[in-house]
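The primary structure of each chain is shown beneath.
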Amino acid sequence: MAGNSQRRNRRNPGSKKGASVGTGGHSRKALQGKGPTPRGEERKGHPKQRAANAALKRERDAKSRAGMRRAGGPRSGRGGAGAAELVVGRNSVVEALQGGVPATALYVQQFIDTDDRVREAFQAANERGIPLMEAPRPQLDQMTGGLNHQGLVLQVPPYEYAHPDDLLDGAADAGQDALIMALDGVTDSRNLGAVVRSAAAFGAHGVVIPERRAAGMTAGAWKTSSGAAARLPVARATNLTRALEAYQKAGLMVVGLAADGEAEIGDLDALNGPVVIVAGSEGKGLSRLVSETCDLLVRIPMPGQTESLNAGVAAGIVLYEAARLRAKR
């Protein structure tokens, strides 16, 4: 009987009883490993990856809510916070860090291939005390909506806007006549940054922008301002026309820049007192309602062939003239 059992097992190697015939080493390759198993955070659909993504979302939501509370929560209707922003890509991240753009974290892809730009980003973040957050590539892809982040993502906090009335308070605290720059329909963030830089250079007390259909204080505006945005308040008005009317009631003259203005800036004594200077977008100029609200429309004399100047250049010229007149007092 034992012999019969052994013969059956040799004919049926899959039997659970008795010895089975081996492969003779022919399946040795099938037993070789395929390398280290990826970490759970790097495996799509893995519970650890889902948990990491959920934790990141909670962190971003918490920071966004905190920014809103700092900017306008307790002081309803005054100022407000913009939206959080992500700067992606190695060149953009390095330029933002070196340009003084505020940041709360630098996200770095795990196992990133380092080059000169990555090392520069690490050095700039360390010098500014910005924490480095390592994250798997799928997490960065989700954060950026699939943009080509190249393994680096800089998180910029929401900008905390002032209220237009705060600029008057700043001038009063300094014992000076208010000098305020307002922008109407300027949609290029670099133009906004240039205006902020000129306003800070020539002693203005702040810049006012509309809440809608206008450039905000993005990372690009911060960079163009060359750090001036950290020193000069930028106020956001729900309605620019009403904000200008409020300034008029407070005793300020509202002067609009227009190519067909009735006076030239060199003949304008109003720049020597409390004044709001309003610049429009290149090409379109001031909107109708804003133009009608202005007390006076002035032009910048241009003997050359240029038909219009962008807001950054125009603001620099007029603010220089205002600073020159005030220095003579």
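For every chain, the first residue of the written sequence is number 1, and numbering continues from 1 along that sequence. Two thresholds apply to this predicted model, a pLDDT of at least 70 for residue-level local features and 80 or more for giving and counting side-chain atom pairs, whereas whole-chain, interface and lining totals are computed over all residues. To obtain the side-chain values, all non-hydrogen atoms of the structure were included, while hydrogens and water were left out.

**Q** Residue-level account of the overall build of the protein chain, with values.
**A** When you go through the protein chain residue by residue, the secondary structure sums to 11 helices and 13 strands. Exposure is judged per residue with a 1.4 Å probe applied to protein chains only, and the accessible area is read against the type maximum: over 50% gives exposed, under 20% gives buried, and values in between give partly exposed. Counting the 329 residues in the protein chain, one finds 41% classified as buried. Taken as a whole, the protein chain presents about 18200 Å² of accessible surface, with 49% of it coming from carbon and sulfur. The helix and strand labels rest on DSSP assignments: H or I over at least four residues marks a helix, E over at least two residues marks a strand, and numbering proceeds from the N terminus. In these tables, accessible area is a Shrake-Rupley quantity obtained with a 1.4 Å probe, and a residue counts as shielded only by the protein chains included in the view.

**Q** Give me the lowdown on the packing of helix H7 (residues 189–201) against helix H11 (residues 311–327), citing residues and values where you can.
**A** Between the N-to-C directions of two axes lies an angle of 0 to 180 degrees, each axis being a line fitted to C-alpha atoms and, for a helix, fitted only over the stretch in contact. The contact between H7 and H11 brings their axes to 8 Å, and the two run at 10°. The angle between H7 and H11 places the two elements in the roughly parallel class. Crossing hand, H7 versus H11: right-handed. Taking contact as the criterion, the partners of Asn-191, Ala-194, Val-195, Ser-198 and Ala-199 in H7 are, on H11, Ala-311, Gly-312, Ala-315, Gly-316 and Leu-319. Residue type decides the class: Asp, Glu, Lys and Arg count as charged, Ala, Val, Leu, Ile, Met, Phe, Trp, Tyr, Cys and Pro as nonpolar, and the leftover types, Gly among them, as polar. Among the residues forming the contact of H7 with H11, the class breakdown is 6 nonpolar, 4 polar and no charged. Angles below 35 degrees are treated as roughly parallel, those above 145 as roughly antiparallel, those between 65 and 115 as roughly perpendicular, and all remaining angles as oblique. Here a crossing is called left-handed whenever its near helix is offset anticlockwise from the far helix by less than a right angle, and right-handed whenever the offset is clockwise. For this analysis, residues touch if any pair of their heavy atoms sits within 4.5 Å.

**Q** Can you explain helix H5 (residues 137–144)? Please cite residues and give values.
**A** Of the residues making up H5, those classed as buried are Gln-139, Leu-140, Met-143 and Thr-144. One face of H5 carries all of its buried residues, which in axial projection span an arc of 120°. Within this analysis, the arc is defined by the directions that extend from the helix axis to the C-beta atoms.

**Q** Describe the pairing of strand E4 (residues 132–135), naming the residues involved and giving the relevant values.
**A** Direction of pairing for strand E3 (residues 105–109) relative to E4: parallel, over a ladder of 4 bridges. What sits directly across from Tyr-107, in E4, is Met-133. DSSP bridges decide pairing: two strands pair if at least two such bridges lie between them.

**Q** Can you break down the packing of aromatic side chains residue by residue, with the values?
**A** Between 30 and 60 degrees the pair is tilted, below 30 it is stacked and above 60 it is edge-to-face, where a pair is any two Phe, Tyr or Trp rings, Trp via its six-membered ring, whose centres lie within 6.5 Å. Considering all chains together, one arrives at 3 aromatic pairs under this definition. Consider the rings of Tyr-159 and Tyr-161, whose centres lie 4.7 Å apart with planes at 75°: the pair is edge-to-face. Taken as a pair, Tyr-159 and Tyr-161 share a single burial class, namely buried. An angle of 70° between the planes, with centres 5.9 Å apart, marks the rings of Phe-202 and Tyr-320 as edge-to-face. Pair noted here: Phe-202 is in the loop between H7 and strand E8 (206–210) and Tyr-320 is in helix H11, with a separation of 118 residues, a long-range link. Tyr-320 sits in the partly exposed class, given a relative accessible area of 45%. Taken together, Tyr-159, Tyr-161 and Trp-222 form an aromatic cluster joined through their ring pairs.

**Q** Tell me about the environment of Tyr-107, and please be specific about residues and values.
**A** When you line up the elements, Tyr-107 lands in strand E3. Taking C-alpha positions, Tyr-107 is 5.8 Å from Leu-152, a pair spaced 45 residues apart along the chain.

**Q** How would you sum up the side chain of Arg-326? Please name residues and give values.
**A** As for its position among the elements, Arg-326 is in helix H11. Despite its burial, Arg-326 remains without a salt bridge, the nearest opposite charge being carried by Asp-177 at 5.4 Å. In protein, a polar contact requires one atom able to donate a hydrogen and another able to accept it; more generally it is a pair of N or O atoms within 3.5 Å, and residues adjacent in sequence count only if both atoms are side-chain atoms. Only 3.4 Å separates the side chain of Arg-326 from the backbone oxygen of Ala-178, close enough to count as a polar contact. The contacts of Arg-326, once residues within four sequence positions are left out, are Asp-177, Ala-178, Leu-179, Leu-271, Asn-272, Gly-273, Pro-274 and Val-275. Asp and Glu are treated as the negative residues and Lys and Arg as the positive ones, with His and the ends of the chain left uncounted. Salt bridge, as applied in this entry: a Lys or Arg side-chain nitrogen positioned within 4 Å of an Asp or Glu carboxyl oxygen.

**Q** Pulling in residues and values, what's your account of the pairing of strand E9 (residues 234–237)?
**A** Pairing between E8 and E9: 4 bridges, direction parallel. Across the sheet, residue Pro-210 finds its bridge partner in E9, namely Ala-237. By convention a crossover is right-handed if, when the strands point away from the viewer, the path from the first strand over the helix to the second runs clockwise. For the segment spanning E8, helix H8 (residues 219–224) and E9, crossover handedness is right-handed.

**Q** How would you explain H7 if you had to name every residue and give the values?
**A** Take the number of residues in a helix, subtract one, and multiply by 1.5 Å to get its expected span. Helix length check: H7 (13 residues) gives 18 Å between terminal C-alpha atoms against 18 Å at 1.5 Å per residue, within 8%. Within the sequence span of H7, burial applies to Ser-189, Asn-191, Leu-192, Gly-193, Val-195, Val-196, Ser-198 and Ala-199. Buried positions along H7 lie against strand E7 (179–184), E8, H8, E9 and H11. Two or three places before Arg-190, at the opening of H7, Asp-188 has a side-chain oxygen 2.9 Å from that residue's backbone nitrogen. Just beyond H7, the residue with positive phi is Gly-203, at close to 80°.

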